[in-house]
Amino acid sequence: MSFIPKDLTEDKLKKIQLEGLKWTVGHVYNNSPFYRKKLDNAGIKPEDIRSLDDIQHLPLTDKDDLQKEYPFPLRSVPFEDIVRIHASSGTTGKRKVLCYTQKDVDVWADIFARCYETAGLTRKDRVQIAVGYGLWTAGVGFQAGCGRFGAMAVALRPANADMHCEMLVDMETTVFCSTASMALLMAEEIHKRDLLSKIKVKKIILGAERHSDAMRARIKELMGVDHVFDIYGLTELYGPGTGLDCHLHNGIHYWADHFIFEILDPVSLKPVSAGQQGELVVTTLRKEGSPLIRYRTYDVTRIMDGACPCGSSFPMHDRILGRTDDMFIYKAVNIYPSQIDHVLSRLDGIGSEFQIYLKQRESGRDMMLIKVEREAGAKNADDDPLAEQVATEIRRKILVRCQVEIVDYGSLPRTERKSRRVFDQRNNDTAAV
Ligand code: DLL
């Protein structure tokens, strides 16, 4: 049984998208006072949507709108039709709460089953779920996907390493699902405990945070798996499972019959030219409880050109390259943590883990300190030239001077959640960027 429509031509997809767009605009106009006001302010009525290009006339929706409309922002169905809510903590202010109807929950399970199918799972697979349950969409998303797909869920949450190791061995888990940080933590734990010959994990599915090629390579190597798959998703758009890379790992196939992805320039908020990177903005096509109309994700990616040799008819976007709101300004240069990560990933002798500290000297001038781990097994005798090399590369590629401290392998904190990389301590502000 397949969950992925195989006969999807470009024309057919466009037809589905236009129908879905018309339905969504009509649905929110008639059922959500918030959206009706927004559309009225923009002078748009549902009947104005005649082609897919008309999406550009629709107003954008932002995370602030979710805060303003708390506790049930974007709600477009009566309360009696809501079977569940999920929430994710915003970095500031109130949580983002999203409503789900039974149909929304079903659609989400269907698209998640497509992700497992894309990763080549079968009903014989045993899927260890190491992401949080509860208000967060992660655990229940991976689990509902298993139920729909027919694989066996070993639902643990992040739990502790002992418990995970025990279940990996005893349950003969074949697929491990977690955040990128947790996958690294477990890979190191398995290596430390010399469990590689006792486990049967062949595939890792990770997501929820940006991660580098170096981190993926390290996880793959330590856990001895065939594939590390990147799964994308956000609470506002059902949760995890909106797309996943296939075994060729060229990009993330996304379910374009359920949502339209646009890439906008984050400053002008106009569409970028084809293939260029920018901010991902999403519109849902069938979501009932809390539909999204041109919702700004702040995630940076690009839509990839051409068909994937895997044969999927679904389009691809690139891995998430960063978030536009992750950017920090240091000595008048706009820097994304992903740029630093990119430079570090290409250097030998260092590990995948790093932290960026922004501080103010007594003179009032800013300084940036990058702490990066020495490669596993390397000696500290070579730290000075290594630190010099990292600083030189940062200066060459990002055009800023920084201090570099090489620290022991494994000394930077490992987390089973999303890792914090930037610590901005300027003006006594200790908030994460
Ligand atoms: O993180 C849903 C999820 C859980 C996805 C588990 C994948 C696996 P939120 O907590 O709402 O939902 O956070 C969504 O996380 O806007 C991205 O910035 C980031 N993110 C999610 N997946 C990826 C990924 C979940 N594969 C936010 N790569 C998104 C990079 C990701 N960043």
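For the structure, see preceding data.
All values reported here derive from a predicted model rather than from experimental measurement.

Peer 1: What should I look at first to understand the site of the ligand in this one?
Peer 2: Within the structure, the ligand sits among 19 residues, and Trp 136, Asp 230, Ile 231, Thr 235 and Asp 299 are positioned closest to it. Separating a nitrogen atom of the ligand from a side-chain N or O atom of Asp 230 is a distance of 2.7 Å. The side chain of Thr 235 places a nitrogen or oxygen atom 2.5 Å from an oxygen atom of the ligand. Burial of the ligand by the protein amounts to 93% of the accessible area it has alone, namely 610 Å². If you list the elements that add at least two residues to the shell around the ligand, you get α5 (138-149) and β7 (227-233). Sort the elements by how many residues they give to the shell around the ligand and β7 lands first, with 4 residues.

Peer 1: What should I look at first to understand the environment of Leu 222 in this one?
Peer 2: In this fold, Leu 222 is placed in helix α8 (residues 213-223). Along the chain, Leu 222 and Glu 262 lie 40 residues apart, while their C-alpha atoms are 37 Å from each other. Residues within four places of Leu 222 in sequence aside, it is in contact with Ala 187, Glu 188, His 191, Leu 196 and Tyr 409.

Peer 1: Looking at this model, I keep getting lost on the side chain of Lys 203. Mind explaining?
Peer 2: Its place among the elements puts Lys 203 in strand β6 (residues 203-207). Engagement of the side chain of Lys 203 in a polar contact is seen with the backbone oxygen of Gly 120, the distance being 3.1 Å. Setting aside its immediate chain neighbours within four residues, Lys 203 contacts Ala 119, Gly 120, Leu 121, Thr 174, Val 175, Phe 176, Val 225, His 227 and Phe 229.

Peer 1: Even after reading the chapter, I still don't get the sheet that holds β7, so can you show me in this structure?
Peer 2: Hydrogen bonding along the main chain pairs the strands of a sheet, whether they run parallel or antiparallel. The strand order across the open sheet formed by 8 strands is β4-β3-β5-β6-β7-β8-β9-β13, and the pairing between neighbours is mixed. Every other strand in the sheet has two partners, leaving β4 (152-155) and β13 (316-317) as the edge strands with one partner each. Bridging between strand β5 (residues 175-179) and β6 involves 5 bridges; their strand directions are parallel. From the neighbouring strand, Thr 179 faces β6, where its bridge partner is Gly 207.

Peer 1: Could you clarify how one ought to interpret the nonpolar core in this entry?
Peer 2: The nonpolar side chains of a soluble globular protein tend to be buried, and buried together. Counting 63 residues, the largest nonpolar core has Leu 21, Leu 58, Tyr 116, Val 127, Phe 142, Ile 205 and Phe 259 as its most contacted members. In terms of residue count, helix α4 (residues 102-118) provides more of this core than any other element does, 8 residues in total. Judged by nonpolar contacts, the second largest core, of 29 residues, contains Ile 335, Leu 344, Ile 356 and Val 404.

Peer 1: Quick question: what am I supposed to make of a positive patch on the surface here?
Peer 2: Among the surface-exposed residues, Lys 331, Arg 361, Arg 365, Arg 395 and Arg 401 lie close enough to one another that they form a single positively charged patch. Along the polypeptide, Lys 331 turns up in the loop between β15 (328-330) and β16 (333-335). Of the residues examined, Lys 331 reaches a relative accessible area of 40% and is grouped as partly exposed.

Peer 1: Got a minute to help me understand the sheet that holds strand β17 (residues 350-360) in this structure?
Peer 2: In space, the 4 strands of this open sheet follow the order β19-β18-β17-β20, with mixed pairing throughout. Bordering the open sheet on either side are β19 (403-407) and β20 (422-424), each of which pairs with just one other strand. With direction set aside, neighbouring strand axes in the sheet form an average angle of 20 degrees.

Peer 1: Would you take a moment to explain helix α6 (residues 161-170) for this structure?
Peer 2: At 3.6 residues per turn, the α-helix brings residues three or four places apart onto the same side. The complete set of buried residues in α6 reads Ala 161, His 164, Cys 165, Met 167 and Leu 168. With its buried residues spanning 165 degrees around the axis, α6 presents them on a single face. Buried residues belonging to α6 abut β3 (126-129), β4, β5 and α7 (180-192). One or two residues past the end of α6 sits Glu 172, with phi positive at roughly 55 degrees.

Cut-offs applied
- Residues numbered from 1 in each chain as written.
- Predicted model: local features only at pLDDT ≥ 70, side-chain atom pairs only at ≥ 80, totals over all residues.
- Heavy atoms only, no water.
- Near = heavy atom within 4 Å.
- Polar contact = N/O pair within 3.5 Å; in protein donor to acceptor, adjacent residues only side chain to side chain.
- Areas by Shrake-Rupley, 256 points an atom, 1.4 Å probe, with all protein chains shown as cover.
- Helix = DSSP H or I, 4+ residues; strand = E, 2+ residues; numbered from the N terminus.
- Contact = heavy atoms within 4.5 Å.
- Pairing = 2+ DSSP bridges.
- Core = buried A, V, L, I, M, F, W, Y, C linked by side-chain atoms within 4.5 Å.
- Buried < 20%, exposed > 50% of the residue type's maximum accessible area, 1.4 Å probe, protein only.
- Patch = residues over 30% accessible without salt bridge, like charges linked within 9 Å, V, L, I, M, F, W, Y side chains within 5 Å.
- Salt bridge = Lys/Arg side-chain N within 4 Å of Asp/Glu carboxyl O.
- Lys, Arg positive; Asp, Glu negative; His and termini not counted.
- Charge placed at Lys NZ, Arg CZ, Asp CG, Glu CD.
- Axes fitted to C-alpha atoms, helices over the stretch in contact; angles between N-to-C directions.
- Arc of directions from axis to C-beta.

Without other data, these values stay purely geometric and don't point to any function.
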